[in-house]
Amino acid sequence: MSEPAPGGPSPAERRRPRPVRPVRRDVASAPFIVIWEATRACPLACRHCRAEARPDRDPAELTTAEAVGLMRQIAAFGRPTPLFVITGGDPFERPDLYDLIRRARELGLSPAVSPSATPALTADALARLRQAGASVISLSLDGATAAPHDAFRGFGGVFDRTLRGWETARDAGLKVQINTTVTRTNLTDLPGIAHLVHERGALLWSVFFLIPTGRGRALTSLTAAESEDVLNFLYDVGEIVPVKTTEAHHFRRVALQRHVLAERGDDHEEVLGLGPLYRDLRRRAQDLGLIGTGRVRRPPIDVNAGRGLVFVSHTGEVSPSGFLPLSAGNVRDRPLPEIYRDSTVFTSLRDPGLLTGRCGACEFRTVCGGSRSRAFAVTGDVLAEEPWCSYEPGSFPYARELAGLL
Ligand code: SF4
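Residues numbered from 1 in each chain as written. Predicted model: local features only at pLDDT ≥ 70, side-chain atom pairs only at ≥ 80, totals over all residues.

1. Brief notes about the overall build of the chain
Phase 1 of the analysis: Scanning the chain from terminus to terminus reveals 16 helices and 10 strands.
Phase 2 of the analysis: Seen through its C-alpha atoms, the chain measures out along the principal axes to roughly 60 × 45 × 40 Å.
Phase 3 of the analysis: Burial analysis of the chain (406 residues in total) assigns 49% to the buried set.
Phase 4 of the analysis: Pairs at least 24 residues apart make up 76% of the contacts formed inside the chain by residues separated by at least 6 positions. (Helix = DSSP H or I, 4+ residues; strand = E, 2+ residues; numbered from the N terminus. Buried ≥ 20, exposed ≤ 12 C-beta atoms within 10 Å, placed from the backbone. Contact = placed C-beta atoms within 7 Å.)

2. Structural notes on the site of the ligand
Phase 1 of the analysis: The local shell around the ligand holds 14 residues, among which Cys359, Cys362, Cys368, Gly370 and Cys389 are the closest.
Phase 2 of the analysis: Going through the elements one at a time, helix H9 (250-264) and helix H14 (357-361) are the ones with two or more residues in the shell around the ligand. (Near = placed C-beta within 6 Å.)

3. Considering the pairing of strand E7 (residues 243-246)
Phase 1 of the analysis: Of the two faces of E7, the one holding Val243 and Thr245 and the one holding Lys244 and Thr246 are both buried throughout.
Phase 2 of the analysis: Examined bridge by bridge, strand E6 (residues 204-209) and E7 share 4 bridges and lie parallel to one another. Paired with Val207 across the strands is Thr245, a residue of E7. (Pairing = 2+ DSSP bridges.)

4. As for the pairing of strand E2 (residues 83-87)
Phase 1 of the analysis: Most of E2 sits inside the fold, with 4 of its 5 residues counted as buried.
Phase 2 of the analysis: Examined bridge by bridge, strand E1 (residues 33-37) and E2 share 5 bridges and lie parallel to one another. For Glu37, the partnering residue across the bridge sits in E2 and is Thr87.
Phase 3 of the analysis: By the bridge criterion, 3 bridges tie E2 to strand E3 (residues 111-113) in an arrangement that is parallel. Across the sheet, the residue bridging to Val85 is Ala112, located in E3.
Phase 4 of the analysis: Crossover E2 to E3 through helix H3 (residues 97-106) is right-handed. (Right-handed = clockwise from strand over helix to strand, strands pointing away.)

5. Quick notes on helix H5 (residues 146-153)
Phase 1 of the analysis: All of the buried residues in H5 are His149, Phe152 and Arg153. Looking straight down H5, one finds that the buried residues subtend no more than 95° of arc, so they occupy a single side.
Phase 2 of the analysis: The secondary structure elements touched by the buried residues of H5 are helix H6 (158-171). (Arc of directions from axis to C-beta.)

6. Side note on the confidence of the model for the chain
Phase 1 of the analysis: Residue-level pLDDT values for the chain average 91, and 92% of them are 70 or greater.
Phase 2 of the analysis: Every residue in residues 1-9 is under pLDDT 50, and counting partners more than four places away or in other chains gives 19 contacts. (pLDDT = per-residue confidence, 0-100.)

7. Describing the nonpolar core
In a soluble, globular protein the nonpolar side chains are often hidden away together inside.
Phase 1 of the analysis: Core analysis: the biggest nonpolar cluster contains 106 residues, and Leu70, Ile137, Ala194, Leu234 and Val237 have the highest contact counts within it.
Phase 2 of the analysis: It is H9 that contributes the most residues to this core, 7 residues altogether.
Phase 3 of the analysis: Filtering out sequence-adjacent residues up to four positions away, Ile137 remains in contact with Ala112, Val113, Ser114, Pro115, Leu129, Ala169, Leu174 and Val176. (Core = buried A, V, L, I, M, F, W, Y, C linked by C-beta atoms within 7 Å.)

8. Thoughts on the environment of Ala225
Phase 1 of the analysis: Structurally, the position occupied by Ala225 is in helix H8 (residues 224-237).
Phase 2 of the analysis: Along the chain, Ala225 and Phe323 lie 98 residues apart, while their C-alpha atoms are 22 Å from each other.

9. So, the environment of Glu317
Phase 1 of the analysis: Considering the arrangement of structural elements, one finds Glu317 in the loop between strand E9 (308-312) and strand E10 (318-319).
Phase 2 of the analysis: It is 5.9 Å that separates the C-alpha atoms of Glu317 and Gly329, two residues lying 12 residues apart in sequence.
Phase 3 of the analysis: Beyond its immediate sequence surroundings of up to four residues, Glu317 is in contact with Ser327 and Asn330.

10. A word on helix H7 (residues 190-200)
Phase 1 of the analysis: Within the span of H7, buried status applies to Leu190, Pro191, Ile193, Ala194, His195, Leu196 and Val197.
Phase 2 of the analysis: The elements touched by buried residues of H7 are strand E5 (175-182), E6, H8 and helix H11 (276-287).
Phase 3 of the analysis: Gly201 occupies a position one or two residues after H7 and carries a positive phi of about 80°.

11. Description of the packing of H8 against H9
To describe two helices that pack against each other, one gives the angle between their axes and the distance between the axes.
Phase 1 of the analysis: Running from amino to carboxyl end, H8 crosses H9 at an angle of 60°, the nearest separation of the two axes being 10 Å. Here H9 runs oblique to H8, going by the angle between their axes. Two packed elements cross with a definite hand, and for H8 against H9 that hand is right-handed. On the side of H8, the interface is formed by Leu231, Asn232, Leu234 and Tyr235, while H9 contributes His250, Phe251, Val254, Ala255 and Arg258.
Phase 2 of the analysis: Counted by class, the contact of H8 with H9 contains 6 nonpolar, 2 polar and 1 charged residues. (Axes fitted to C-alpha atoms, helices over the stretch in contact; angles between N-to-C directions. Parallel < 35°, antiparallel > 145°, perpendicular 65-115°, else oblique. Left-handed = near helix turned anticlockwise from the far one by under 90°. Nonpolar A, V, L, I, M, F, W, Y, C, P; charged D, E, K, R; others polar.)

12. Quick notes on the packing of H5 against H6
Phase 1 of the analysis: Where H5 contacts H6, the two axes come as close as 8 Å, and the packing angle between them is 105°. On the basis of their axis angle, the class for H5 and H6 is roughly perpendicular. Within the contact between the two elements, H5 uses Ala146, His149, Asp150 and Arg153 and H6 uses Val158, Phe159 and Asp160.

13. Some details on unusual backbone geometry
Phase 1 of the analysis: In this structure, Pro80 follows Arg79 across a cis peptide bond, with omega equal to -5°.
Phase 2 of the analysis: On the secondary structure map, Pro80 appears in the loop between helix H2 (64-75) and E2.
Phase 3 of the analysis: Here the residue pair Gly88 and Gly89 is connected by a cis peptide bond, since its omega of 10° sits within 30 degrees of zero.
Phase 4 of the analysis: With respect to the secondary-structure elements, Gly89 resides in the loop between E2 and H3.
Phase 5 of the analysis: Of note, Glu247 is a non-glycine position whose phi angle comes to about 55°, a positive value.
Phase 6 of the analysis: If you trace the backbone, Glu247 turns up in the loop between E7 and H9.

Given below as structure tokens:
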């Protein structure tokens, strides 16, 4: 065993819950979360946009009646009902948004909304969302200051509008999730964004690892080693900020490794071979008081594309993730539960035995499985190994300690 990590495991680390949270229902029969792209219309032109959003609504969007039909199909999964996220584009571009939220509530769903920070994000609009029955919104924040954020979003004033919307939403009684896309240009801003999330308070900080799809194709990718450094930094600040990752499923492997190493009192930086980016991010986080608070962290949830997660496009196409353009059917032709439970696209993604490359040989594959969206975007094979993970299967030295956690 190497030297204990500075200070050793904190009291909170000793009493913390399981490092990865399993979904408390059979994800082969019902998803944990359904994300519906209500529209692709959005006045912004964000550099990473998955939807390649455009100014006008597509005439082929689901109509109000079809959207209500979709919500009935989601309710038909039964209890506990899946989380239901209405995203875009900008959902405020749909004039029936409030009505749809009311109908979702009547059907027993708890709708969350992902608006864009446009002039439509007013105090009145947020109050109406709350009155209609939304309880959570998510807002995007890709820089700790206005310059990087507005450059990313393609317009000036978006950063300030986001901070105002954040505050106004909370005043209206809405919980706020903050979404951040990690790119090479905002890496060193991450501690500052974490600090903002901590100071202003948020339900969750969701950190999205880019998929080279949509407009995100033009952005420079991180290396696998840099991803490893960022994930370990996120684990560190997870004691003070509730963190989740999007399209970085190996965060669950990192959480398990860090759990075992903390139990043993091992130096994670040495055992995991972390690099200069990690040290820089950790130092910045330390300077901002974000490390070593001893609070209980939020364990990442074991959900992946098609395995607990399903995406429905603005025209009703069903895919395992919004970043994985593999349609398994359309809700106009076939009920969502049937597509989710029975289509080959979904059933194959729920079988870790079909994964190939390092993911196929990896002892963490049942709780991680890598980003299927990134594998598909980079290689064209949805079951190929995760390109942004540097883990060599079998190389973590404490298999016995892991055994009870996988
Ligand atoms: S090799 Fe694949 S399954 Fe293993 S940790 Fe990396 S991404 Fe996850």
